[in-house]
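One letter stands for each residue in the lines below.
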Number of protein chains: 2
Amino acid sequence: MSDGHAEQPHPSVGLDDVVHHRARLGILTVLGQVRKATFSYLKSQLRLTDGNLGRHLEVLAAEELVTLIKGYEGRRPRTWVEITDAGDAALAAEIATLKQLVSRFEQHGALPRQDR
Amino acid sequence: MSDGHAEQPHPSVGLDDVVHHRARLGILTVLGQVRKATFSYLKSQLRLTDGNLGRHLEVLAAEELVTLIKGYEGRRPRTWVEITDAGDAALAAEIATLKQLVSRFEQHGALPRQDR
């Protein structure tokens, strides 16, 4: 058990809600890999509804982490989503913080129980 | 750019919003390490307001991931928070999924840009 004073802030303090949210982290990690994808590809990869995916894409676009490109493929309207440089940077920062969290967890996991 | 069919679901699909939320992930990772802490210790570690911390603790307690213990230290009322076995299991599952996400990110990061 612990009490009292703050030392270093915990890694979770550095997480950005815009990027950390489950659905938005999913969108950014898929796009971090494929760079550009259709709305329907993201939907199927991330198992999100149209409404949900649309809403989270708007949040990311408002922060300029993705760009939405509306167009046609033949006669069918299509939306493409592309990650921006700011999106890449935000994703890299999130991943770095998650790695800190995971490594903290794994360090304490190695301690014998009475030392926690 | 990618289009079309779903293969394996993306690791983010396996994230649980209850545990993944930034503040709640912070609470659980601190408690995963120290097992039991006072409200004020969590507050200072996680840089949360009383209201915010209280609200997220209630969510975690409702899911039986933490137990809240109210008592006194001398004459001062105190709240202790303890992680449950279910909390440990949920945290371990979240960490395992985050590791998958991070390792996917690091694999694609090693590819030359034109192969993405």
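Every value quoted in this text rests on a predicted model; they were computed, and no experiment measured them.

A. The overall build of chain A, seen in detail. Each helix and strand counted, chain A has 5 helices and 3 strands in total. Traced from its N-terminal end to its C-terminal end, chain A shows the element sequence α-α-β-α-α-β-β-α. The buried share of chain A, reckoned over its 116 residues, is 45%. Entry remark: accessible area of chain A is about 6,000 Å², with carbon and sulfur atoms responsible for 49%.

B. Here's a closer look at the interface of chain B and chain A. Across the boundary between the two partners, chain B contributes 50 residues, which contact 51 residues of chain A. Both sides of the chain B and chain A interface together cover about 4,600 Å² of buried area, and 56% of this is carbon and sulfur. A salt bridge links aspartate 17 of chain A to arginine 22 of chain B; the nearest nitrogen and oxygen atoms lie 3.4 Å apart. At the surface where chain B touches chain A, the tally comes to 11 residue pairs in polar contact (both at pLDDT 80 or more).

C. The pattern of salt bridges, seen in detail. Residues and elements named next belong to chain A. The full count for this structure, using the stated rule, is 10 salt bridges over all chains. Measuring nitrogen to oxygen at the nearest pair gives 2.9 Å for the salt bridge that ties glutamate 73 to arginine 78. Given a relative accessible area of 37%, glutamate 73 falls into the partly exposed group.

D. Summary view of the sheet that holds strand 3 (residues 76-83) of chain B. All names here are of chain B. Strand order in the open sheet formed by 3 strands is 1-3-2, with antiparallel pairing between adjacent strands. This sheet does not close on itself; its edge strands, each paired only once, are strand 1 (36-38) and strand 2 (66-73). Neighbour to neighbour, the strand axes of the sheet diverge by 25° on average, direction disregarded. Contacts from helix 4 (residues 50-62) reach strand 2 and strand 3, with the element oriented near 125° to strand 2.

E. Main features of the side chain of histidine 20 of chain A. Among the structural elements, histidine 20 of chain A can be located in helix 1 (residues 17-20). Among the polar contacts listed, one links the side chain of histidine 20 of chain A to the backbone oxygen of histidine 20 of chain B, at a separation of 2.5 Å. Apart from residues lying up to four places away in sequence, histidine 20 of chain A is in contact with Leu15, Leu25, Glu94 and Leu98 of chain A together with His20, His21, Arg22 and Leu25 of chain B.

F. The sheet that holds strand 1 (residues 36-38) of chain A, seen in detail. Residues and elements named next belong to chain A. Judged by pairing direction, the sheet is antiparallel, and its 3 strands sit side by side in the order 1-3-2 without closing on themselves. The outermost strands of the open sheet, each flanked by one partner alone, are strand 1 and strand 2 (66-73). On average, adjacent strands in this sheet sit at an angle of 25° to one another, irrespective of strand direction. In this structure, strand 1 lies alongside strand 3 (residues 76-83), joined through 3 bridges in antiparallel fashion. Bridging across to strand 3, lysine 36 finds its partner in glutamate 82. The sheet contacts of helix 4 (residues 50-62) involve strand 2 and strand 3, and relative to strand 2 the element is tilted by about 125°.

G. Structural context of the environment of glutamate 94 of chain B. Residues and elements named next belong to chain B. One can find glutamate 94 in helix 5 (residues 85-109). For glutamate 94 and aspartate 16, which are 78 residues apart along the polypeptide, the C-alpha to C-alpha distance reads 7.3 Å. Setting aside anything within four residues of it in sequence, one finds glutamate 94 in contact with Leu15, Asp16, Val19, His20 and Leu25. At 2.8 Å, the side chain of glutamate 94 and the side chain of histidine 20 are in polar contact.

H. Representation of unusual backbone geometry in the model. All names here are of chain A. The phi dihedral of arginine 47 is positive, around 55°, even though this residue is not glycine. Under the relative-accessibility criterion, arginine 47 is labelled partly exposed at 46%. With a phi close to 60°, glutamate 64 is a non-glycine residue in the positive phi region. Along the chain, the position of glutamate 64 falls in the loop between helix 4 and strand 2. A relative accessible area of 58% places glutamate 64 in the exposed class.

About the thresholds
- Residues numbered from 1 in each chain as written.
- Chains lettered and ligands numbered in written order.
- Predicted model: local features only at pLDDT ≥ 70, side-chain atom pairs only at ≥ 80, totals over all residues.
- Heavy atoms only, no water.
- Helix = DSSP H or I, 4+ residues; strand = E, 2+ residues; numbered from the N terminus.
- Buried < 20%, exposed > 50% of the residue type's maximum accessible area, 1.4 Å probe, protein only.
- Areas by Shrake-Rupley, 256 points an atom, 1.4 Å probe, with all protein chains shown as cover.
- Contact = heavy atoms within 4.5 Å.
- Buried area = accessible area lost by both parts, 1.4 Å probe.
- Salt bridge = Lys/Arg side-chain N within 4 Å of Asp/Glu carboxyl O.
- Polar contact = N/O pair within 3.5 Å; in protein donor to acceptor, adjacent residues only side chain to side chain.
- Pairing = 2+ DSSP bridges.
- Axes fitted to C-alpha atoms, helices over the stretch in contact; angles between N-to-C directions.

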